[in-house]
Amino acid sequence: MSSRRIIHVDLDAFYASVEQLDDPGLRGRAVIVGGGGNRGVVCACSYEARAFGVRSAMPMFQARRLCPQAICRPVRMERYRQISKQVFAVFDRYTDRVEKLSIDEAFLDINGCERLLGEARTIATNLRQEVRRSLGLNISAGVAPNKFLAKLASQQAKPDGLLYLCEEDVDAFLRPLPVSALWGVGRVTGDKLSGLGIRTVDDLRNLGQDRLVILLGSQGDHLYRLARGIDDRPVVPESEVKSIGHEDTYAQDIHSREEVCRQLLGLADRVAHRARAAGVSGRCISLKVKYADFTTVSRSRTLPEATDNGSDMYQEAKALLVKTEGESRPVRLLGISLSALEKKGAGQQSLFTAEVRQRAESLDQAIDTLRQRFGEGGVVRGSLLESRPSSAKKESGSGGEGG
Ligand SMILES: [Mg+2]
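Visitor: Can you tell me about the overall build of the chain, naming the residues and giving the values?
Guide: A tally of helices and strands in the chain yields 15 helices and twelve strands. Taken across its 403 residues, the chain has 45% of its residues classed as buried. A sequence separation of at least 24 residues applies to 64% of the contacts in the chain between residues at least 6 apart. Accessible area of the chain: about 20000 Å², with a carbon and sulfur share of 49%.

Right, here's the structure in full:
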């Protein structure tokens, strides 16, 4: 087994905990979040309600019968999403390899973070404390050599716990668990196995691999491995962000093409900067133009390859500008956005040749560095307008590659 370190984190009774957070009168009490009336189902319940046997997905009437004193609250999805975002922002401070499983659950790959953040157990402890301190929510965590074990560990750690599984502990941890603990064993497989007297992971391990495959087909191979704590699935971060954009409304309407292009260049640089900071590139560029009379148009184009490059975006935005009346009518607002985002690293090419690309990238990096030092407004490229009349005043510090 490899020596990977994966953390699975899972907020405890998330919806119900948010209700208790927002209404202190609910703290320490049985709370059920769910559909209205007796015909709905329980979406979530506090641990105080669980003590009475209330469970998620249970019909509301049954839950009320089990726990008549429970306070029932409707689902407030928007609020839970808002809090979830804050929780995930905490995760992002620990590693950029966060795989979101649901609104309240994620895998974190912390390999390589130990030197900076301490050993795996310390990282998980600090993360739990930070969520508790900054958001007032309990989160359980499992630390293990892979995703499968980390998730099992966090489930065992609940509520409000941490379970650390090192490789030597894996066998003793797994063997007594029911087969249903294995990922992929639902009721059908569970019934099949229990019909053969196989109830625990240990029972399953006593079956040979061949026997398992005969019984369960390709799932047999999968279970053979899981029963031994083997799971090589990587943590796959996915881009949460759907688009990155920036727009400016101008105090005075813009009347010249030259000025519009100058603004677009600044916008493109800012969008590119944010894309690079987020580690994404995008295939779709959109331009938004609001005229002085407040009518707004948007134009977009999908590129053959994703970009995170300010000059690419500027060139595309200028091409899109031609499809608007932004060159002839007074303009009140301009915006550029980048969508169809992909995480960096996957098949990165550019519209540019390699050499030009390299120059563009080093300029982008220089801009990023300066921006870090002087702030967002501190750096504006020397104008790179190709259509600038020769009589126009030449600005200093021209970047060069855009025109
Ligand atoms: Mg949860």
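Visitor: Describe the sheet that holds strand β2 (residues 31-34), listing the residues and the values that go with them.
Guide: Strand order in the open sheet formed by three strands is β3-β2-β4, with mixed pairing between adjacent strands. Of all the strands in the sheet, the pair left with one neighbour each is β3 (42-45) and β4 (71-73). Each neighbouring strand pair of the sheet contributes to a mean axis angle of 30 degrees, computed without reference to strand direction. Strand direction decides the pairing type here: β2 and β3, joined by three bridges, are antiparallel. Its bridge partner being in β3, V33 is matched across the sheet by A44. Of the strands in this sheet, β2, β3 and β4 touch helix α1 (residues 14-22), which is tilted by about 115 degrees from β2.

Visitor: Explain the coordination of the magnesium ion to me, and be specific about the residues and the numbers.
Guide: Looking at the magnesium ion, the protein donor atoms are D10 (OD), L11 (O) and D104 (OD), and they sit 2.1 to 2.4 Å from it. As a motif over one chain, the donors of the magnesium ion read D-L-x92-D. One end of the pair, L11, is in strand β1 (residues 6-11); the other, D104, is in the loop between β5 (98-102) and β6 (105-109), and 93 residues separate them in sequence. Here L11 and D104 have matching classes, each one buried.

Visitor: Kindly report on the pattern of salt bridges, identifying the contributing residues and their values.
Guide: On inspection of all chains with the given rule, the structure shows 24 salt bridges. The partner of D23 in a salt bridge is R73, with the nearest N and O atoms 3.3 Å apart. One end of the pair, D23, is in the loop between α1 and β2; the other, R73, is in strand β4, with 50 residues separating them in the sequence. With a relative accessible area of 27%, R73 lands in the partly exposed category. Residues R301 and E316 are paired through a salt bridge, measuring 2.6 Å at the closest nitrogen-oxygen approach.

Visitor: A description of unusual backbone geometry should follow, citing residues and the corresponding values.
Guide: Omega for the peptide link from K158 to P159 comes to -5 degrees, which places this bond in the cis form. Residue position: P159 is located in the loop between α7 (147-157) and β8 (162-164).

Visitor: Lay out the sheet that holds strand β12 (residues 331-343) in plain terms, naming residues and giving numbers.
Guide: Taken in spatial order, the four strands of this open sheet run β9-β12-β10-β11, and their pairing is antiparallel. One side of each edge strand has no neighbouring strand; the edge strands of this open sheet are β9 (243-254) and β11 (296-307). The sheet shows a mean angle of 15 degrees between the axes of neighbouring strands, taken without regard to direction. Pairing analysis gives eight bridges linking β9 to β12, with the strands arranged antiparallel. Bridge pairing in β12 places S243 opposite S339.

Visitor: Explain the packing of helix α11 (residues 209-216) against helix α12 (residues 218-227) residue by residue, including any values.
Guide: Where α11 contacts α12, the axes come no closer than 6 Å and their chain directions differ by 140 degrees. Overall, the two elements α11 and α12 adopt an arrangement that is oblique. The crossing of α11 and α12 is right-handed. Taken together, the residues of α12 that come into contact with α11 (itself represented by Q209, L212, V213 and L216) are S218, Q219, G220, D221, L223 and Y224. Residues belonging to the contact of α11 with α12 are distributed by class as follows: five nonpolar, four polar and one charged.

Visitor: Could you give an account of α12, with specific residues and numbers?
Guide: Considered for burial, the residues of α12 that qualify are G220, L223, L226 and A227. With its buried residues spanning 130 degrees around the axis, α12 presents them on a single face. Here the buried face of α12 lies against α7, α8 (170-174), α9 (187-195), α10 (201-205) and α11.

Visitor: Give me the side chain of E130: which residues, what numbers.
Guide: Position of E130 relative to the elements: it lies in helix α6 (residues 120-135). Here E130 is in contact with V90, R93, Y94 and L135, once residues within four sequence places are set aside.

Basis of the calculations
- Residues numbered from 1 in each chain as written.
- Predicted model: local features only at pLDDT ≥ 70, side-chain atom pairs only at ≥ 80, totals over all residues.
- Heavy atoms only, no water.
- Helix = DSSP H or I, 4+ residues; strand = E, 2+ residues; numbered from the N terminus.
- Buried < 20%, exposed > 50% of the residue type's maximum accessible area, 1.4 Å probe, protein only.
- Contact = heavy atoms within 4.5 Å.
- Areas by Shrake-Rupley, 256 points an atom, 1.4 Å probe, with all protein chains shown as cover.
- Pairing = 2+ DSSP bridges.
- Axes fitted to C-alpha atoms, helices over the stretch in contact; angles between N-to-C directions.
- Donors = N, O, S within 2.8 Å, 3.2 Å for Na, K, Ca; no water.
- Salt bridge = Lys/Arg side-chain N within 4 Å of Asp/Glu carboxyl O.
- Parallel < 35°, antiparallel > 145°, perpendicular 65-115°, else oblique.
- Left-handed = near helix turned anticlockwise from the far one by under 90°.
- Nonpolar A, V, L, I, M, F, W, Y, C, P; charged D, E, K, R; others polar.
- Arc of directions from axis to C-beta.

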